Protein chains: 2
Amino acid sequence: IDEKNEAEAISLMGELHPADIAEIYDELNTEEAKFLYLLLDGDTAAGVLAELEEDDRERFLKVLPIEVIARQFMGKMDSDDAADIIGGMSDEWQEEILSHIADIEQAGDIVDLLHYDDDTAGGLMAKEMVIVNENWTVLTCLRELSRQAEDIDEIYYVYVVDDDGILRGTISLKIMILSPTSAKISNIYQPDVMSVHTDEPDEEVARIMEKYDLVAIPVIDSIGRLMGRITIDDVVDVIRDEAEKDYQMASGLTEDVESNDSVWIQTRARLPWLLIGLAGGLVSAFVISTHEKSLNIDPAVAFFIPLITAMGGNVGVQSAAIIVQGLASNSLGFESVFSRLLRELTGAFVNGVICSGLVFLVNSFIGRSYDLTISVSIALFSVIIFASIFGTLIPLTLHKMKIDPALATGPFVTTLNDMVGLFIYLSIGAYFLGLV
Amino acid sequence: IDEKNEAEAISLMGELHPADIAEIYDELNTEEAKFLYLLLDGDTAAGVLAELEEDDRERFLKVLPIEVIARQFMGKMDSDDAADIIGGMSDEWQEEILSHIADIEQAGDIVDLLHYDDDTAGGLMAKEMVIVNENWTVLTCLRELSRQAEDIDEIYYVYVVDDDGILRGTISLKIMILSPTSAKISNIYQPDVMSVHTDEPDEEVARIMEKYDLVAIPVIDSIGRLMGRITIDDVVDVIRDEAEKDYQMASGLTEDVESNDSVWIQTRARLPWLLIGLAGGLVSAFVISTHEKSLNIDPAVAFFIPLITAMGGNVGVQSAAIIVQGLASNSLGFESVFSRLLRELTGAFVNGVICSGLVFLVNSFIGRSYDLTISVSIALFSVIIFASIFGTLIPLTLHKMKIDPALATGPFVTTLNDMVGLFIYLSIGAYFLGLV
């Protein structure tokens, strides 16, 4: 590559998939990447551009001549990928590039797609699809198909519309091949078709496609006109992002960070949670300081502070995670909050008895004072019960308030749990030490 | 439903998708479900069976006559769904059901599929696909297609094999329709086709299909013969499960629990982590007890125990989560462990300075003793640095040892962090209090 051996590079890359080339690009500097890029043929180049990671792409687009971008790549790209890329640019750039796209139809499609929010069905959909009129015959369709099909890589469904462009149903290529060429579409198409509105949230689209095992779903506007289609590969990204978001929240990261991101980006994603933890720690310090007397009487009270906070945190996060997953997979069903809480409490009771019992045995065995042993066990039991109620109710409440319930499995609630757990422990301790 | 009004129930369910019917079933008791089920036509019944949740299905299959299951449903189901269901049964049941399947070809397919592990490509694949020989003409293919296509709902690709059954490539219906009927397949098929081996792990299959945006992928054996195909809808479940597994590990749940599971199942999934936390808490108690002298001199040392453990835990989990996500999305690239660690340390340094500085200011402002103020700040800084090294190295090490790195974001490592953090804090405290 470094020796700028064109022929070799071309033959090498000719055998690779755009996604693989994009991975190589991640490792190159901008100049090398530009050189290699201009060697690619249009289709592959468009594929690579779509596969690049966002920050690499931005850096990279800046060095390419705008006419090249517009003519060679935007024209060859699927409309949804093109709209995503253009959507990330400044308004000036957008106009400049759009004015250089020779294919007016494609430019129009991109402009249409730019109107939709990224996280709705409209933002996910592409314009490339095969549309036939219900009044046509199979023969007309097959002809139209060969005309329309040039622009489209894969055909999953052929969509059937009426004269007003209203979506009527689908017809599979299989049916079309197996039917006589003179058959009318209106007699053979499949009228029951699942569709989504352009303003449907992307997570809902993902849920529908996953539930019904769909490979593609048509998108309609408010009066039922066919506007585009969403394919499963775009939705897979949504599903993964959604699942990862929960994980990030539980791990205390505010935004999508990758291990290759700069120190600054990583710090920005991490610091807010650390500051919450810090504030919580200072409040905890205050809570303990109000019980300084207990510590003076028996410093061993301090020994069990980490045990109490850790157990409260663990139980709370477990309870919250079960609810969060139930909400995410929509499997909570119609059970009432009350009966859910009751079951959670039964489980907490079992776990509480086992854990407190073990701690009681260990402390008795070591020979700690009876007062301390009994207060630690009672406090541990109370904290486990409290944390499971807290862990169950917080995500349900957040969900009702339309806040992402996964927040409840993160540092925020763990910190709250710490403070309340400490308060319970020290109050019980003070009572058994005869201070109250 | 309760009035056993057959006609109404049939017409009602005729309009519903099997996935919706399966959801209704979740809410019914076994008798009601059985009654309703026997009203469904074969295809829908098979669909519902495949969509039911595993425990519901088991309960349900027990009340149906075995001949009905075999004849009516197994025969109509996709081979992969049928194999999954039969795979969960006892050996006797398996033989009994298989012997009742009239379609010998289907029974053979199911037996073949039972050989593969659930979490490999072989376990995911189905046998239903359209296969053509490379020596045929388009006309022969189209005829063969209409013969084979009866059993298959959707055709994504037509697979091209040679006389030995070795996979040569694919041909799209589009190309077939657009080519003259006399064209030979060997001249028009697409020879570059991505495929996976039967023993490829399912997560790798998911990664490949996601990376290359594939809707279906053929599965071959070790000598390249076409054995089956995997469609994206089966892989979506794998992707979601994988992402959820990370979340569960981070939240301290050992197995896939749902909010509707019984108390016993939930307790089993939660107790192991709680016991680890408990053991950690007892070790922490021991660590603190070795520094009882510090507590006697200044009980305020105890105030900051929760701050230190919470911050160590938060930082460690953040660092680990960034690595775990990088490993999961394969985006770690070729960066060395050393340079990764260096960046992590830079970030930890920034966060450490900010957090320790804030704590220093707060403690000075409140007027705590100089010794304590300085030891808390230095300890906090050290713990943040330590936790980020620990959080980076543990998941990388686990990954090398072929253990799921997400373990590092769960209670296990948080507990380790607690203990080491306490040790650091108390040692520094002892030094500044003049005890060492």
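You'll find the structure just up there.
Please read all numbers here as calculations on a predicted model, not as lab measurements. (Residues numbered from 1 in each chain as written. Chains lettered and ligands numbered in written order. Predicted model: local features only at pLDDT ≥ 70, side-chain atom pairs only at ≥ 80, totals over all residues. Heavy atoms only, no water.)

Enquirer: Which parts of the structure should I look at to understand a negative patch on the surface?
Expert: All names here are of chain A. On the surface, Glu 67, Asp 91, Glu 92, Glu 95 and Glu 96 cluster together to form a negatively charged patch. Among the elements that line the negative patch, the one with the most residues is helix 8 (residues 91–99), at 4 residues. By secondary structure assignment, the location of Asp 91 is in helix 8. With a relative accessible area of 57%, Asp 91 lands in the exposed category. (Patch = residues over 30% accessible without salt bridge, like charges linked within 9 Å, V, L, I, M, F, W, Y side chains within 5 Å. Areas by Shrake-Rupley, 256 points an atom, 1.4 Å probe, with all protein chains shown as cover. Salt bridge = Lys/Arg side-chain N within 4 Å of Asp/Glu carboxyl O. Lys, Arg positive; Asp, Glu negative; His and termini not counted. Charge placed at Lys NZ, Arg CZ, Asp CG, Glu CD. Helix = DSSP H or I, 4+ residues; strand = E, 2+ residues; numbered from the N terminus. Buried < 20%, exposed > 50% of the residue type's maximum accessible area, 1.4 Å probe, protein only.)

Enquirer: Where do I start with the packing of aromatic side chains in this structure?
Expert: Here the distance between the centres and the angle between the planes together describe a pair of aromatic rings. Under the defined criterion, the tally for this structure stands at 6 aromatic pairs over all chains. Ring geometry for Phe 349 of chain A against Phe 381 of chain A: centres 5.6 Å apart, planes inclined by 85 degrees, an arrangement best described as edge-to-face. Taken together, the residues span a long stretch of sequence, with Phe 349 of chain A in helix 19 (residues 337–366) and Phe 381 of chain A in helix 20 (residues 370–400) at a distance of 32 residues. For Phe 349 of chain A, a relative accessible area of 48% corresponds to the partly exposed category. Aromatic side chains Tyr 431 of chain B and Phe 432 of chain B sit 5.4 Å apart centroid to centroid with 85 degrees between the ring planes, which places their arrangement in the edge-to-face category. For Tyr 431 of chain B, a relative accessible area of 54% translates into the label exposed. (Phe/Tyr/Trp six-rings, centres within 6.5 Å; stacked < 30°, edge-to-face > 60°.)

Enquirer: What exactly am I supposed to notice about the interface of chain A and chain B here?
Expert: For interface size, the figure often reported is the accessible area lost on association. Contact residues are listed per partner, giving 107 residues for chain A and 109 residues for chain B. The contact between chain A and chain B buries some 9800 Å² in all, and 63% of this surface belongs to carbon and sulfur atoms. Arg 270 of chain B is the salt-bridge partner of Glu 344 of chain A, the closest N and O atoms lying 2.9 Å from each other. The tally of links between chain A and chain B comes to 10 residue pairs in polar contact (both at pLDDT 80 or more). Looking at which element gives the most residues to the side of chain A that touches chain B, the answer is helix 16 (residues 263–289) of chain A, with 16 residues. Looking at the side of chain A that touches chain B residue by residue, the class counts come to 57 nonpolar, 24 polar and 26 charged. (Contact = heavy atoms within 4.5 Å. Buried area = accessible area lost by both parts, 1.4 Å probe. Polar contact = N/O pair within 3.5 Å; in protein donor to acceptor, adjacent residues only side chain to side chain. Nonpolar A, V, L, I, M, F, W, Y, C, P; charged D, E, K, R; others polar.)

Enquirer: Which parts of the structure should I look at to understand the relation of the copies chain A and chain B?
Expert: Here two copies of a chain appear, and what relates them is a rotation about an axis with a shift along it. Overlay of chain A on chain B (RMSD 0.3 Å): rotation 180 degrees, translation along the axis 0.0 Å. Interpreted geometrically, this transformation is the action of a two-fold axis. By C-alpha distance to the rotation axis, the residue of chain A lying nearest is Tyr 247 of chain A, at 2.5 Å. When the interface residues of chain A are mapped onto chain B, 100% of them again fall at the interface, so both copies present the same face. (Least-squares fit on C-alpha atoms with pLDDT ≥ 70 in both.)

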